[in-house]
Amino acid sequence: MAAMREHADWMRVALSLADEAAANHEVPVGCVVVGPADEELGRGHNARESLGDPTAHAEMVAIRAAAKRAGNWRLDGATAYVTLEPCAMCAGALVLARVARVVYGCADPKGGAVKTLFEIGSDVRLNHRFEVISGVLTEQCASRLQRFFAALRAQ
């Protein structure tokens, strides 16, 4: 029970980052990378539009910040909290960064690559695998995306 409460607390940080993304007219996805001692290592939100960079997903921004802060590309023992299930690019980066765990809020039926369409983080053919915990604050994560895309369709 305490672990789920901790997961929810960190997911709320990721949700605040998703809100920042939405305020910048970006798809509202946020990610925070937390070290093994429960310390924040890096954070990010989607910034593809503002940076003109197709790789500027929340996870990629957070992983880069975490590696810089850690002084190492290996994020051993770290947990990535992300509001939306990571895509194939981000799941691959999480494998390469050697994170221990990925916790996400809502599934991505069109691009989810850790549970929905693919299971990159648990593929035994890869040199590293990570634990996956899904469904943390699902409604809050999904509602931000639904509002964002409904507003886009209305324009």
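So, how was this worked out
Residues numbered from 1 in each chain as written. Predicted model: local features only at pLDDT ≥ 70, side-chain atom pairs only at ≥ 80, totals over all residues. Heavy atoms only, no water. Salt bridge = Lys/Arg side-chain N within 4 Å of Asp/Glu carboxyl O. Helix = DSSP H or I, 4+ residues; strand = E, 2+ residues; numbered from the N terminus. Buried < 20%, exposed > 50% of the residue type's maximum accessible area, 1.4 Å probe, protein only. Lys, Arg positive; Asp, Glu negative; His and termini not counted. Polar contact = N/O pair within 3.5 Å; in protein donor to acceptor, adjacent residues only side chain to side chain. Contact = heavy atoms within 4.5 Å. Phe/Tyr/Trp six-rings, centres within 6.5 Å; stacked < 30°, edge-to-face > 60°.

A. Inspection of the pattern of salt bridges at higher detail. Using the criterion set out here, one finds five salt bridges in the structure. The salt bridge involving Asp-19 is made with Arg-144; its shortest N-O contact spans 2.6 Å. Highlighted residues: Asp-19 in helix H1 (residues 2-23) and Arg-144 in helix H5 (residues 138-154), separated in sequence by 125 residues. For Arg-144, a relative accessible area of 19% corresponds to the buried category.

B. Up close: the side chain of Glu-85. If you trace the backbone, Glu-85 turns up in the loop between strand S3 (79-84) and helix H4 (88-96). It is Lys-115 that comes nearest to the buried, bridge-free Glu-85 among opposite-charge side chains, at 8.1 Å. From its side chain, Glu-85 meets the backbone nitrogen of Lys-115 in a polar contact 2.7 Å long. Not counting residues up to four positions away in its chain, the partners in contact with Glu-85 are Tyr-104, Cys-106, Ala-107, Asp-108, Gly-112, Ala-113, Val-114, Lys-115 and Thr-116.

C. Region of interest: the packing of aromatic side chains. Applying the stated criterion across every chain yields a total of two aromatic pairs. Taken together, a centroid distance of 6.4 Å and an interplanar angle of 25° make the contact between Trp-10 and Tyr-81 stacked. Here the residue Trp-10 occupies a position in helix H1, and Tyr-81 occupies one in strand S3, the gap between them amounting to 71 residues. Under the relative-accessibility criterion, Trp-10 is labelled buried at 11%. Its relative accessible area of 2% is what places Tyr-81 among the buried residues. Pairing Phe-148 with Phe-149 gives two aromatic rings, centres 5.2 Å apart and planes at 85°, and the pair type is edge-to-face. By relative accessible area, which is 34% here, Phe-149 ends up partly exposed.

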